[in-house]
Amino acid sequence: QLLGNQDHIKVELEKLKKTYDSQQQKLEERVIAMGKELQEAKGAIGDTQHKLVEQSAVLLTSQSQLQEVEAENSRLQLRLKELNEEYRSRLAQYIKDVADYMDSKSSNVTGPSKAPADHAHMKHFVDSMLKDIRASYKSREEQLAGAARGYKKRMKNLVKKHENLLIAYGLQREQIRSLGSSAMDCGPPELHLSITDPELLTNATRELNRLREDKAKLEMQLHELQKVVAGLLALCGGETGGRQLDEEGWAELRKQLRQFAHTTQEDLEQERSQLLTRAIVAEEQVSELQEYIDQHLAR
């Protein structure tokens, strides 16, 4: 029967061979497609890193320009205040001199009732002029105070937007590190892009900067530990055993790091939300007190 069924067995073997070849071809096509997807993903990550570098450069340039503009604005405001004081004192002195001159001139004029009338008219004119000048100064001071308050509000909004960008940048760095290899460059830490101007820092921002500093130190320690672990794994056994141990060790290490990062991130986010809530309440109270002072201090 075996000798008689050789043709049937050959047919079945041919079918199995064709099936194996087709599956092998599909598998190769799938591997090629996955390789292309991997290259596209690496290209997208490279584009993202390039954009992050460009945004970091633009952010640093904007920060330096902002500091220069703030310093120039402060200098010009101080100079304007000095000129206003000098102009005000000179103008008041000129008005007093004119009033004294006109009063002395009107008192030398002969006549029964002409001098008192001129004197009263001049005094009334000078009083009305000084009143108008004080009103113009007051309106200008209110205008400048409103502009200063608006400038402070814009600065607060810019600081908030900057903090949101830093948070998004940190999340993107974590995503890149979780998806890519350990040797991939994820850009500088958030601490290098944070605001350092003391006038723009709030309590919540200072606390976030301190946490970012701790995170940068932990990342450096983790990088050093990865080097040490890689060296130890390379010394354990041959190439095959070492490679398997390396992969298993890195998988376990990544799992523990993800758990640690997840729990730490939850704690930090909770603490950050509490600090932001306290900061918002404090800013609202300060704005209310500032408006009350601006409205009622003149009275």
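In this text the structure is predicted, and so the values were computed from the model without any measurement. (Residues numbered from 1 in each chain as written. Predicted model: local features only at pLDDT ≥ 70, side-chain atom pairs only at ≥ 80, totals over all residues. Heavy atoms only, no water.)

1. Side note on the overall build of the protein chain
Rule in force here: Under the DSSP-based scheme used, a helix requires at least four consecutive residues in state H or I and a strand at least two consecutive residues in state E, with every element numbered from the N terminus. Each residue is assigned to one of three classes by its accessible area relative to the maximum for its type, calculated with a 1.4 Å probe on protein chains only: buried under 20%, partly exposed between the two thresholds, exposed over 50%. Contacts: residue pairs with any heavy atoms within 4.5 Å of one another.
When helices and strands are tallied, the protein chain shows four helices and zero strands. Ordered by position from the N terminus, the helices and strands of the protein chain form the series α-α-α-α. With 299 residues in all, the protein chain has 17% of them scored as buried. At a minimum sequence separation of 6, the contacts of the protein chain that also span at least 24 residues come to 66%.

2. Some remarks on the nonpolar core
Here is a general trend for soluble globular proteins: nonpolar side chains tend to be buried in one another's company. Worth spelling out the cut-off: Only buried residues count toward a nonpolar core, which is a set of Ala, Val, Leu, Ile, Met, Phe, Trp, Tyr and Cys residues joined through side-chain atoms within 4.5 Å.
Core analysis: the largest hydrophobic core is formed by five residues, namely Ile-95, Ala-99, Val-126, Ile-133 and Tyr-137. Elements represented by at least two residues in this core include exactly α1 (6-107) and α2 (114-179). With three residues, the single largest contributor to this core is α2. Not counting residues within four places of it along the chain, the set of residues in contact with Tyr-137 comprises Tyr-87, Arg-88 and Leu-91.

3. Some points on a nonpolar patch on the surface
For clarity, the threshold we go by: Each patch is built from residues that are more than 30% exposed by relative accessible area and take part in no salt bridge. Like charges join if they lie within 9 Å; nonpolar side chains (Val, Leu, Ile, Met, Phe, Trp, Tyr) join within 5 Å. Only the protein chains shown count as covering a residue, and every accessible area follows the Shrake-Rupley method with a 1.4 Å probe. Salt bridges are identified by distance alone: a Lys or Arg side-chain nitrogen within 4 Å of an Asp or Glu carboxyl oxygen.
Together, Ile-9, Leu-13 and Leu-16 give the surface a local cluster of nonpolar side chains, amounting to about 290 Å² of exposed area. In this fold, Leu-16 is placed in helix α1.

4. Describing the UniProt feature "coiled-coil region" (unreviewed entry) in the protein chain
The following threshold applies: UniProt positions are given in the numbering used here, feature names are shortened, and annotations may be inferred rather than shown by experiment.
Here, the residues flagged by UniProt with the feature "coiled-coil region" (unreviewed entry) are residues 59-93 and 201-235. As a span, residues 59-93 carries 100% helix and 0% strand, and end to end its C-alpha atoms are 51 Å apart.

5. Comments concerning the environment of Ala-57
Note that Ala-57 resides in helix α1. Classification of Ala-57 as partly exposed rests on a relative accessible area of 40%.

6. Thoughts on the confidence of the model for the protein chain
Test applied: pLDDT gives the predictor's per-residue confidence on a scale running from 0 to 100.
A residue-level look at the protein chain finds 80% of positions with pLDDT of 70 or above and a mean pLDDT of 76. Taken element by element, the predicted model of the protein chain shows its lowest mean pLDDT in helix α3 (residues 203-235) (72) and its highest in α1 (85). The model gives residues 237-242 a pLDDT under 50, and that stretch makes three contacts with residues more than four places away or in other chains.

7. Some thoughts on the pattern of salt bridges
Going through the model one piece at a time under the given rule, you end up with four salt bridges. A salt bridge links Glu-82 to Arg-79, with the nearest nitrogen and oxygen atoms 3.6 Å apart. Taken together, the positions of Glu-82 and Arg-79, both in helix α1 and three residues apart, correspond to about one turn of that helix. Given a relative accessible area of 41%, Glu-82 falls into the partly exposed group. The exposure class of Arg-79 is partly exposed, given its relative accessible area of 46%.

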